[in-house]
Amino acid sequence: MIRCDALICGGGPSGSTLATRLVRQGLSVVVLDKAKFPRDKVCAGWVTPQVVAAVGLDLADYGRTRTLQPIERFATGLIGSRPIETAYRATVSYGILRREFDDYLLRRSGATLRLGEPLDSLTATADGWLANGAIEARLVVGAGGHFCPVARQIGAALGKSETVVAAQEVEFEIPPDVACAVAPEAPELYFCPDLAGYAWVFRKGRYLNVGLGREDSHRLQEHVQSFCEFLRQSGKLPAQVPGRFKGHAYLLYPHATRPVVAERALLIGDAAGLAYAQSGEGIRPAVESAILAASTVAAAGSDYSLERLLPYAAALAARFGKRAERAPVSAPSRLRTAIGRWCLSNRWFARHVVIDRWFLHAQEPALGT
Ligand SMILES: Cc1cc2nc3c(=O)[nH]c(=O)nc-3n(C[C@H](O)[C@H](O)[C@H](O)COP(=O)(O)OP(=O)(O)OC[C@H]3O[C@@H](n4cnc5c(N)ncnc54)[C@H](O)[C@@H]3O)c2cc1C
């Protein structure tokens, strides 16, 4: 039997950030992940400087042996149309490979790692939890992504009444003999004609990442195919993609209704449904939720009762706003679509709204630095 203060289910960016902070606070921490690291995660792998600051990433050390693609420009538009370019005079984001990034953060956390071990059972005990019949913990944290078993345990109706973003992505190494017309420092973002989602093509050194996500998952495959055709016609995607698209679902913050706190339990990251509404960016909210959770745990002393953990829910609301109570609009009205399309063709809107506000969240400084 292993005993610990905190058991974290999931070693992605949320889990590793919380593990790092709790270890620093002097707690004994076990991270359980069903995958053996390094592992892939369906993701474009775009991180903002606020993420770099919040996790204290040493860019020089990280980039020495790993892919770290500085981003200085963006192309934005509608699928099928010529994009608008927005250039900056500095590095405004980075491209990373999730199998490298997540592994790096997790291994430096100082927690006891149990990798390749899923959370199969979780039972409440008199003063905490018993996990997999072998780990006793006083606090359990769900950081296991959208389908986190801890979320289910504390009452989330996974996949039932939830409105999710459905996304597909492929990432592959560009074969040495293949020319690629995508500039590495300039990710390209293309909105679907009905504005219910967007697609991207993003080059990170020798790797190309292509994907599309929509709030309305009907005919997702068709949208992906038509985007790929568009890319092929502009010489940005080889005729044969050396890999296959993988799908994943996740919740946008305004539409998530999961409880985030329970007696001796917390949810962070995608398990809590925190991704930004406009961009779908989830790494920053994942990391920031972990920072807020660590502060709540520190303030709780060693009392992890619901009452002492509730400030975490309040901290999330203070940071990310009140969750919207209405259902999302899945089919935009014609007028809304027409206005949206006009806005996307406007250079000012592309820079100051689409990129600066929606994608870079430049108006919000990093948390916890
Ligand atoms: C197609 C796509 C593209 C995206 N692109 C971006 C992007 O470019 N930038 C960005 O910021 N966000 C992006 N996101 C969102 C981002 O990937 C997530 O928000 C982020 O990974 C959340 O981190 P997390 O730590 O909460 O969960 P995850 O990164 O999902 O980590 C969860 C971990 O839990 C483990 N786990 C799951 N179940 C169990 C279990 N039963 N037992 C033990 N372990 C378990 C998993 O193996 C995994 O390692 C994208 C998402 C998708 C789907």
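Before reading further, recall that the structure is shown in the block above.
Basis of the calculations
- Residues numbered from 1 in each chain as written.
- Predicted model: local features only at pLDDT ≥ 70, side-chain atom pairs only at ≥ 80, totals over all residues.
- Heavy atoms only, no water.
- Salt bridge = Lys/Arg side-chain N within 4 Å of Asp/Glu carboxyl O.
- Helix = DSSP H or I, 4+ residues; strand = E, 2+ residues; numbered from the N terminus.
- Buried < 20%, exposed > 50% of the residue type's maximum accessible area, 1.4 Å probe, protein only.
- Pairing = 2+ DSSP bridges.
- Phe/Tyr/Trp six-rings, centres within 6.5 Å; stacked < 30°, edge-to-face > 60°.
- Lys NZ or Arg CZ within 6 Å of the ring centre and 35° of its normal.
- Near = heavy atom within 4 Å.
- Polar contact = N/O pair within 3.5 Å; in protein donor to acceptor, adjacent residues only side chain to side chain.
- Areas by Shrake-Rupley, 256 points an atom, 1.4 Å probe, with all protein chains shown as cover.
- Axes fitted to C-alpha atoms, helices over the stretch in contact; angles between N-to-C directions.
- Left-handed = near helix turned anticlockwise from the far one by under 90°.
- Contact = heavy atoms within 4.5 Å.
- Nonpolar A, V, L, I, M, F, W, Y, C, P; charged D, E, K, R; others polar.
- Expected span 1.5 Å × (residues − 1).
- Arc of directions from axis to C-beta.
- 1 Å grid on protein atoms, 1.4 Å probe; cavity = no way out; pocket = protein on both sides within 12 Å on 5 of 7 lines; lining within 4 Å.
- Points joined across faces, edges and corners; volume = space filled by probe spheres on them.

Engineer: Even after reading the chapter, I still don't get the pattern of salt bridges, so can you show me in this structure?
Structural biologist: The tally for this structure, following the rule as stated, stands at 20 salt bridges. Note that Asp61 is salt-bridged to Arg64, the shortest N-O span being 3.3 Å. Here Arg64 and Asp61 lie together in helix α3 (residues 59–65), a separation of three residues that amounts to about one turn. Classification of Arg64 by relative accessible area gives exposed; the value is 61%. Where Asp216 meets Arg214, a salt bridge forms, and the shortest distance between an N and an O atom there is 3.3 Å. Since its relative accessible area comes to 17%, Asp216 is described here as buried.

Engineer: Sorry if this is basic, but what is going on with the sheet that holds strand β4 (residues 68–71) here?
Structural biologist: Reading across from one edge, β3-β7-β4 is the order of the three strands in this open sheet, with antiparallel pairing throughout. Each end of this open sheet is capped by a strand with a single partner; those strands are β3 (46–47) and β4. In the sheet, β4 pairs with strand β7 (residues 93–96) via four bridges, with the strands oriented antiparallel. Bridge pairing in β7 places Leu68 opposite Ile96.

Engineer: Honestly, the packing of aromatic side chains in this entry has me stumped. Any pointers?
Structural biologist: Following the criterion strictly, the structure yields 15 aromatic pairs and no others. Relative to Tyr88, the ring of Phe74 lies with its centre 6.2 Å away and its plane at 90 degrees, an arrangement referred to as edge-to-face. Of the two residues, Phe74 is situated in strand β5 (residues 73–78) and Tyr88 in the loop between β6 (84–87) and β7; the sequence distance between them amounts to 14 residues. Each member of the pair Phe74 and Tyr88 is classed as buried. Taken together, the aromatic side chains of Trp46, Phe74, Tyr88, Phe191, Tyr198, Trp200, Phe202 and Phe359 make up a single cluster linked through ring pairs. Between Arg351 and the ring centre of Tyr88, over which it is positioned, the NZ or CZ distance is 5.0 Å.

Engineer: When you look at the site of the ligand in this model, what are you seeing that I'm missing?
Structural biologist: Around the ligand, the surrounding shell holds 37 residues, and the nearest of these are Ser14, Asp33, Arg98, Leu119 and Asp270. With respect to the ligand, the side chain of Ser14 contributes an N or O atom lying 2.8 Å from an oxygen atom. Between the ligand and the protein, one listed contact pairs an oxygen atom with a side-chain N or O atom of Lys41 at 3.4 Å. Surface burial for the ligand is 93%, taken as the share of its 1,000 Å² of free accessible area covered by protein chains.

Engineer: Looking at this structure, how should I read the packing of helix α7 (residues 283–299) against helix α8 (residues 306–320)?
Structural biologist: For the pair α7 and α8, interaxial distance at closest approach is 9 Å and the crossing angle is 145 degrees. Regarding α7 and α8, the two cross each other, and that crossing is right-handed. Contacts between α7 and α8 involve Arg284, Pro285, Glu288, Ser289, Leu292, Ala293, Thr296 and Ala299 from the first element and Arg308, Leu309, Pro311, Tyr312, Ala315, Leu316, Arg319 and Phe320 from the second. Along the lines of polarity and charge, the residues of the contact of α7 with α8 split into 10 nonpolar, two polar and four charged.

Engineer: Even after reading the chapter, I still don't get helix α6 (residues 220–233), so can you show me in this structure?
Structural biologist: Along an α-helix, residues three or four apart share an orientation, since each turn contains 3.6 residues. If you check α6, its first and last C-alpha atoms are 20 Å apart, about what 14 residues at 1.5 Å a residue would give, namely 20 Å. Taken together, the buried positions of α6 are Leu220, His223, Val224, Phe227, Cys228, Phe230 and Leu231. For α6, the buried positions fall inside an angular range of 160 degrees around the axis, keeping them on one side. Along its buried surface, α6 packs onto β12 (164–173), β13 (188–191), β14 (197–204) and β15 (207–214). Gly235 lies just past α6 and shows a positive phi near 70 degrees.

Engineer: What am I meant to see in the layout of surface pockets here?
Structural biologist: Here the idea is plain: a probe the size of a water molecule rolls over the atoms and shows the empty space left. Size it by volume and the second largest pocket reaches roughly 220 Å³. Taken together, 15 residues line the second largest pocket, and the ones lying closest to its centre are Tyr276, Ala277, Gln278, Phe320 and His361. At the level of secondary structure, the elements contributing two or more residues to the lining of the second largest pocket comprise α8 and α10 (347–359). Considered class by class, the residues forming the lining of the second largest pocket number seven nonpolar, four polar and four charged.

Engineer: Just to check I follow, could you spell out unusual backbone geometry for this structure?
Structural biologist: Most peptide bonds take the trans configuration, and most residues that are not glycine carry a negative phi. Cis geometry is adopted by the peptide bond preceding Pro38, which originates at Phe37 and carries an omega value of -5 degrees. With respect to the element layout, Pro38 can be found in the loop between β2 (29–33) and β3. Phi at His361 is positive, roughly 45 degrees, even though this residue is not glycine. Using a relative accessible area of 6% as the deciding quantity, one classes His361 as buried.

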